[in-house]
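Here's the letter readout for the chains.
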Amino acid sequence: MSARILDGRSIAQEIRREVRLEVAELTKRTGSVPCLATVLVGNDPASTTYVRNKVRACEEVGIVSVRIDLPADLSQEALLHEIARLNRDPSVHAVLVQLPLPPHISERRVLEAVLPDKDVDGFHPSNLGGLLAGSPLFVASTPLGILELLTRSNVTIEGKHAVIVGWSVVVGKPTAFLLLQQQATVTICHIKTRDLGFHTRQADILVVAAGKPGLVTGSMVKEGAVVIDVGVNRLADGGIVGDVSFSEVAEKVSLITPVPGGVGPMTVAMLLKNTVQACRLACGAAGRHGVELVR
Ligand code: NAP
């Protein structure tokens, strides 16, 4: 294997240490302790694990977390009511609704109900629009984590050809706009893209977020490329793999993220950063010009 591993775990650990200091400084200066409310509807095992990890990460850095676990048969109206209550609560600075929601609830409707100032997931249309305009209050944690991983690993983005596989609101689209903001030339691929390999082979930076194990093989990448594997796929034996055939791709590229231990820990770290930013916004310690999208 020739590729260097992009170690999301250690970079995320570094960010968490920074966030812990930021929390202490903010609390000392303003008297406010950042607080994240997580809303979980139902008891999907993966979602429950994600929420537990987020709560634990908050505790580690001194962020207060309020965990709201609701039954799977909760009505949409009752959930919207709960979100409205969190929006009004001045002690809660950030609200995260764990996805997916049960099928009888409209995710779009629920995500639009979260106050943009507390929308640390960055899924509210006003924050998505802000990203397009270059000044969102919040950007989704996974795309932000990908940008941070590249930046802290000294990967030059400007002028590079970035190819993104997947165009979801959660990962693909915001990642594409973040990289465009850094003046990469961006190609977005989706299910109707003809000859996926033709596009992925052009990539200097390849981000794969399709949720399909083994989608990207060794013959689909360029020598020396940087590969970010966002996919999290649970196998029947309980193991977790990404969307990229790790061993054969790692033979050809210069940098690659492992799964697990790549993008996942970065997502949690950036959620913590966004929560501190939400607290700063609430107590007037930050301007409303939005996230600094480093360039
Ligand atoms: P999603 O909403 O299901 O989106 C998947 C995207 O991939 C869709 O846009 C889809 O295109 C595209 N796609 C699927 N198969 C494709 C193919 N054969 N060729 C080209 N495009 C294809 O999933 P998501 O929320 O974006 O998440 C993607 C993956 O990342 C999942 O495995 C998820 O678990 C993982 N994830 C990881 C983290 C983390 O922190 N590590 C965070 C979020 C998500 P169409 O829409 O055109 O069908």
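First things first, this report covers the structure right here in the doc. Predicted model, so just to flag it, every value in this text is computed and none were measured. Numbers given for residues are sequential positions, taken from 1 along each chain in its written order. Owing to the predicted nature of the model, reporting of local features is limited to residues with pLDDT of at least 70; listing and counting of side-chain atom pairs is limited to 80 or more, with chain, interface and lining totals taken over all residues. The basis for the side-chain values is all heavy atoms of the structure; hydrogens and waters are excluded.

In this section: helix α7 (residues 172-181). Using a 1.4 Å probe on the protein chains alone, a residue whose accessible area is under 20% of its type maximum counts as buried, one over 50% counts as exposed, and one in between counts as partly exposed. Secondary structure is summarised from DSSP: a helix means a run of H or I of at least four residues, a strand means a run of E of at least two, and numbering begins at the N terminus for each. Within the span of α7, buried status applies to Gly172, Pro174, Thr175, Ala176, Leu178 and Leu179. Here the buried face of α7 lies against α5 (125-133), α6 (141-152), β5 (161-165), β6 (185-189) and β7 (205-208). A positive backbone phi angle near 65° is found at Gln183, which sits one or two residues after α7. We call two residues in contact when some of their heavy atoms are within 4.5 Å.

Below, the discussion takes up the site of the ligand. By convention in this text, a residue qualifies as near a molecule or strand provided that one of its non-hydrogen atoms is within 4 Å of it. Near the ligand lie 20 residues; those nearest to it are Trp167, Ser168, Lys212, Val232 and Thr267. In the analysis that follows, any N or O atom pair within 3.5 Å is treated as a polar contact, provided that within protein one partner can donate a hydrogen and the other can accept it, and provided that, for residues neighboring in sequence, both atoms belong to side chains. A distance of 2.9 Å separates a nitrogen atom of the ligand from a polar side-chain atom of Lys212. Val230 is positioned such that a nitrogen or oxygen atom in its backbone is 3.4 Å from an oxygen atom of the ligand. Here the ligand loses 70% of its free accessible area of 920 Å² to cover by the protein chains. Each residue gets one of three labels, nonpolar for Ala, Val, Leu, Ile, Met, Phe, Trp, Tyr, Cys and Pro, charged for Asp, Glu, Lys and Arg, and polar for the others, Gly among them. Broken down by class, the residue content of the shell around the ligand amounts to eleven nonpolar, eight polar and one charged. Only the protein chains shown count as cover for residues, and the accessible areas themselves come from Shrake-Rupley with a 1.4 Å probe.

Only buried Ala, Val, Leu, Ile, Met, Phe, Trp, Tyr and Cys residues count toward a nonpolar core, and they belong to the same one when joined by side-chain atoms within 4.5 Å. Counting 51 residues, the largest nonpolar core has Ile63, Leu150, Leu179 and Ile228 as its most contacted members. Not counting chain neighbours up to four residues away, the residues in contact with Leu150 comprise Val155, Ile157, Leu179, Ile205, Val226 and Ile228.

In spatial order, the strands read β3-β2-β4; together these three strands make up an open sheet with parallel pairing. Whereas interior strands pair on both sides, the edge strands pair on one side only; in this sheet they are β3 (64-70) and β4 (94-97). Between one strand and the next, the sheet's axes are offset by a mean angle of 15°, whatever the strand orientation. Of the strand pairs in this sheet, strand β2 (residues 35-41) and β4 are connected by four bridges, and their pairing is parallel. Only strands that DSSP links by at least two bridges are regarded as paired with each other. Orientation is described by axes fitted as lines to C-alpha atoms, over the contacting stretch for helices, and by angles from 0 to 180 degrees between their N-to-C directions.

A separate point is the sheet that holds β7. What the six strands build is an open sheet, ordered β1-β11-β8-β7-β5-β6; its pairing is parallel. Two strands bound the open sheet, and with one partner strand each, they are β1 (4-5) and β6. Bridge count between strand β8 (residues 226-229) and strand β11 (residues 255-256): two bridges; the pairing is parallel. Each bridged residue has a counterpart across the sheet, and for Val226 the counterpart in β11 is Leu255. Its contacts with the sheet put α7 on β5, β6 and β7, and the angle it makes with β5 is roughly 175°.

Residues Leu132, Phe177 and Leu180 make up a contiguous nonpolar surface patch of roughly 280 Å² in combined accessible area. Assignment of secondary structure puts Leu180 in helix α7. Within this analysis, patches are made of residues with over 30% relative accessible area and no salt bridge. Like charges are joined at 9 Å or less; nonpolar side chains (Val, Leu, Ile, Met, Phe, Trp, Tyr) at 5 Å or less. Salt bridge, as used here: a side-chain nitrogen of Lys or Arg that lies within 4 Å of a carboxyl oxygen of Asp or Glu.

The next subject is the pairing of β2. Burial runs high along β2: seven of the seven residues are buried. Because side chains alternate across β2, one face comprises the buried residues Cys35, Ala37, Val39 and Val41, and the other comprises Leu36, Thr38 and Leu40, equally buried. In this sheet, β3 lies alongside β2 in parallel orientation, the contact comprising seven bridges. When the bridges of β3 are listed, Cys35 appears paired with Val64.

Here we take up the side chain of Asn274. Among the structural elements, Asn274 can be located in helix α10 (residues 263-282). Of the polar contacts made by the side chain of Asn274, one reaches the backbone oxygen of Val120; its length is 3.0 Å. Those residues in contact with Asn274, other than ones at most four positions away along the chain, are Val120, Phe138, Val139, Ser141 and Leu144.

Let's shift gears to the pattern of salt bridges. One pass over the full model with this rule turns up eleven salt bridges. In this structure, Arg280 and Glu22 form a salt bridge, with 3.3 Å as the shortest nitrogen-oxygen distance. Of the two residues, Arg280 sits in helix α10 while Glu22 sits in helix α1 (residues 8-30), which places them 258 residues apart along the sequence. Residue Arg280 is classed as buried on the basis of its relative accessible area, which comes to 16%. We classify Glu22 as partly exposed; its relative accessible area is 21%. A salt bridge links Arg152 to Glu148, with the shortest nitrogen-to-oxygen separation between them at 2.8 Å. Residue Arg152 and its partner Glu148 are located together in helix α6, separated by four residues, close to a single helical turn. Looking at Arg152, the relative accessible area reads 25%, which means it is partly exposed. The structure contains a network of salt bridges with shared partners spanning Glu14, Glu18, Glu148 and Arg152.

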